[in-house]
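Report on the structure
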Amino acid sequence: MSLFIDDGDRVWWGGKLIRFEPSKPLTELTIKIRVHPLPIRDSGLRLTASILYQPLARIQLEETQTTAKYMPAVQLHSIPGISVSLRTEAGNYLYYSQKSRILDLNNNPETSWSIDGDKITPTSWGGTTPSVSNGDKRWAEAYVYYRYERWLCAGGYYENITYWKEEIITPVKFTSTRIGDMISCSRCGGSWAGSVASWPKGSTGIYYALGPGIIQIEEYGISVSFTVSYGPVALTVELWYEVSKGTAYGSPKVLVSVETWYKDWLIGFDDNTGCKVVHWTWSDAPP
């Protein structure tokens, strides 16, 4: 949601993505939204004096565009002796940032891009990535679609109506996965922490179910760009430490194939990431 407040002297703006699943007929939420003053006070445009009050609102969708690209999604960590891959099911959720900013009527930015929150990004596609092995660590990337919207907004008292524009960038869905860039890790092969799972020597069909994660940004600086009517729009978005089964029967999973048992036990642990990132180590004894 976007919040606009007119205190009679100036307009204040803030945005926050609200996501909840009501468990009762009436559900109350307490939401804190950081607001910023809009530099625009008087657009020079006027409505008739018969309109005493115009609620602060989006009044017209001016333009919408869509772009898509592969983005970091889930970290895949291997250690010597194992291969790992990511399995997703149709209906699974990833989480990327929704962002917004304010423009004047000439499409000049009046505020910087603000993170509205972590947006559910579902998939209708199920599949398994190629494997990562022999101590390699890489991103599993998702092909994510982002939508651009630009709205004309208005609000104010009497004939002095203030006008401005709002741009909103929203992740819509992802449609496939692949293996991406290399990542570094200092946790694999060491002592375990957080949620721990273990498998004795000779086990097969090994997997580690992912989710729900934690509400925290995992990766910054993911570039997104659009070509809109007034020119190029470029910004960076964020991946969150969140993942869930969504509407699917099962959660996303890290699948494991053991090629060589270096010790009697294979240990998987999440290092307190809510089972979003899985690290591995070998052990002579169970945890």
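From a predicted model like this one, the values you see are computed outputs, not experimental measurements.

A covalent bond between the sulfur atoms of two cysteines is what we call a disulfide. One pass over the full model with this rule turns up zero disulfides. Note on C185: no disulfide assigned, nearest cysteine sulfur contributed by C188 at a separation of 3.8 Å. Relative accessible area serves as the criterion here: at 26%, C185 is assigned to the partly exposed category.

Moving on to the pattern of salt bridges. Within the structure shown, the criterion is met by twelve salt bridges. Residues E62 and K165 are paired through a salt bridge, measuring 3.1 Å at the closest nitrogen-oxygen approach. Residue E62 is located in strand β4 (residues 53–77), and its partner K165 is located in strand β11 (residues 160–182); the two are separated by 103 residues in the primary sequence. E62 gets classed as partly exposed once you look at its relative accessible area, which sits at 31%. We note a salt bridge from R101 to E167, for which the minimum N-O separation is 2.6 Å.

Quick look at the environment of G221 now. Mapping G221 onto the fold places it in strand β14 (residues 213–228). As a C-alpha pair, G221 and V237 span 16 residues in sequence and 6.1 Å in three-dimensional space.

We now examine the confidence of the model for the protein chain. Across the protein chain, the average pLDDT comes to 88, with 79% of residues at or above 70. Confidence over residues 41–53 falls short of pLDDT 50; this stretch has 27 contacts with residues more than four positions distant or in other chains.

The subject of this paragraph is the sheet that holds strand β12 (residues 196–200). Strands sit in the order β12-β17-β18 across an open sheet of three strands; the sheet is antiparallel. Bordering the open sheet on either side are β12 and β18 (279–283), each of which pairs with just one other strand. Strand-to-strand, the axes of this sheet are offset by a mean angle of 20 degrees, without reference to chain direction. In terms of strand pairing, strand β17 (residues 265–269) meets β18 through five bridges, oriented antiparallel. The partner of L266 across the bridge, within β18, is W282.

With respect to the secondary-structure elements, H279 resides in strand β18. For H279, a relative accessible area of 7% gives the class buried. Residues contacting H279, with those up to four places away along its chain left out, are H77, C185, R187, C188, I267, G268, F269, D270 and D271.

Tracing the chain through its elements places E141 in strand β10 (residues 137–157). Residue class for E141 comes out buried when judged on its relative accessible area of 7%. Setting aside chain neighbours within four positions, we find E141 in contact with Y70, M71, P72, A73, S176, T177, R178, G180 and D181.

Rules of the game
- Residues numbered from 1 in each chain as written.
- Predicted model: local features only at pLDDT ≥ 70, side-chain atom pairs only at ≥ 80, totals over all residues.
- Heavy atoms only, no water.
- Disulfide = S-S within 2.5 Å.
- Buried < 20%, exposed > 50% of the residue type's maximum accessible area, 1.4 Å probe, protein only.
- Salt bridge = Lys/Arg side-chain N within 4 Å of Asp/Glu carboxyl O.
- Helix = DSSP H or I, 4+ residues; strand = E, 2+ residues; numbered from the N terminus.
- pLDDT = per-residue confidence, 0-100.
- Contact = heavy atoms within 4.5 Å.
- Pairing = 2+ DSSP bridges.
- Axes fitted to C-alpha atoms, helices over the stretch in contact; angles between N-to-C directions.

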